[in-house]
Structure formats: C-alpha cells, structure tokens
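Spelled out, the chains give:
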Amino acid sequence: MANSIITKLLDSKSGASSLILRVPVGLTLAAHGSQKLFAWFGGYGLTGTGQWMDSIGFHPGFLMALLAGSAEFFGGLALVLGLFTRPAALVTAFTMLMAFTHHYPNGLFLANDGFEYALTLLAVTTTLLFQGAGRYSIDQWLFTKLSAQNR
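This is a predicted model, so every value here is computed, not measured.

A. Focus on the overall build of the protein. Looking only at helices and strands, one finds 7 helices and 0 strands in the protein. Along the protein, from the amino end to the carboxyl end, the secondary structure elements read α-α-α-α-α-α-α. Long-range pairs, those at least 24 residues apart, make up 67% of the contacts in the protein with a sequence separation of at least 6. For the protein, the accessible surface area stands at approximately 8400 Å², while carbon and sulfur atoms represent 71% of it. Across the protein, the centroid of the 8 positively charged side chains sits 20 Å from that of the 6 negatively charged ones.

B. Representation of the confidence of the model for the protein within the structure. Overall, the predicted model of the protein reaches an average pLDDT of 95, with 98% of residues at or above 70. Within the protein, helix H4 (residues 61-81) carries the highest mean pLDDT (98), whereas helix H1 (residues 2-10) carries the lowest (83).

C. Broad picture of the pattern of salt bridges. Using the criterion set out here, one finds 2 salt bridges in the structure. Across the pair aspartate 11 and lysine 13 runs a salt bridge whose closest N-O atoms are separated by 2.7 Å. The partner of glutamate 72 in a salt bridge is lysine 36, and the shortest N-O contact between them spans 2.9 Å. Here glutamate 72, found in helix H4, pairs with lysine 36, found in helix H2 (residues 16-38); they are 36 residues apart in sequence, far enough to count as distant.

Cut-offs applied
Residues numbered from 1 in each chain as written. Predicted model: local features only at pLDDT ≥ 70, side-chain atom pairs only at ≥ 80, totals over all residues. Heavy atoms only, no water. Helix = DSSP H or I, 4+ residues; strand = E, 2+ residues; numbered from the N terminus. Contact = heavy atoms within 4.5 Å. Areas by Shrake-Rupley, 256 points an atom, 1.4 Å probe, with all protein chains shown as cover. Lys, Arg positive; Asp, Glu negative; His and termini not counted. Charge placed at Lys NZ, Arg CZ, Asp CG, Glu CD. pLDDT = per-residue confidence, 0-100. Salt bridge = Lys/Arg side-chain N within 4 Å of Asp/Glu carboxyl O.

In structure tokens form, the structure reads like this:
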C-alpha cells in the first residue's frame, strides 16, 4: 500500500518535458504569490490583496489572499524544484481555476482582464498533476532512493 502511494505521488515516466513546463510556470506562480504575500514586485501584500479579494466576492478576503498567495508562492517553488509536484500542481491548479472563474466574464483576452492567462496556467498545472515532475526532479530522485530501500 505504501509503495503504491509513493509511486503515485513521486514516480513519473516523463523526461525533460515536465522540467520545461515546471520551471518557468513555477517561477511565474512564485512571483505572483510573492506579490500577494509580501508586496514584492509591485504587489499589494496580504492587506491590499485581501481587500481586493473581498471586493470581487472571495470572502473573507484576507484569508483568501493568504491561501491564494501561499498556493502560488510555495506551490510555485515546489514546481521549480520538482518536489511533491503532484500535490503542488493540484493546489495551484485549483487556485488557477478560481482565477479563471473570476476572469471568465471578461472574455478571453488579458487586455480586457480576460481569462487567457489563468487558463494557460490551469492547463500547465493540470498537465503536471497527471504527468508528474519528470526525470529531472527531486521527486524522481526520492522515488529512486525509496524504491532501492524497499528491495
């Protein structure tokens, strides 16, 4: 049972393609999360983001800002490293689904505050959820070490 869970969590048959998706998307998510959490890169921090989240119907705003910012920042860092990629991808995909629902009424294009950006990140994180971190990741290294110990 434990081997099955470890395999589903860590093992991936993917090669470099996961790395190519993980790193830029993880960095992008971490940067956006840092705007929400720490007011870095021109962000508004938890207070400002929380007020905005309240204004668009995500209540309580401060908690939603904390959850979204944490998912993006810590999930993004985990994706970059390929560490617990599937759980990180699940959390960030859910966060992007929420962003998608907010932006959907504005249409596709980002210039109109549309959903294209959220949809793209949702597609990538969902892909990583299914295909895993790939060969070049901490997940695969851990899987190899744990598999060797269980032989």
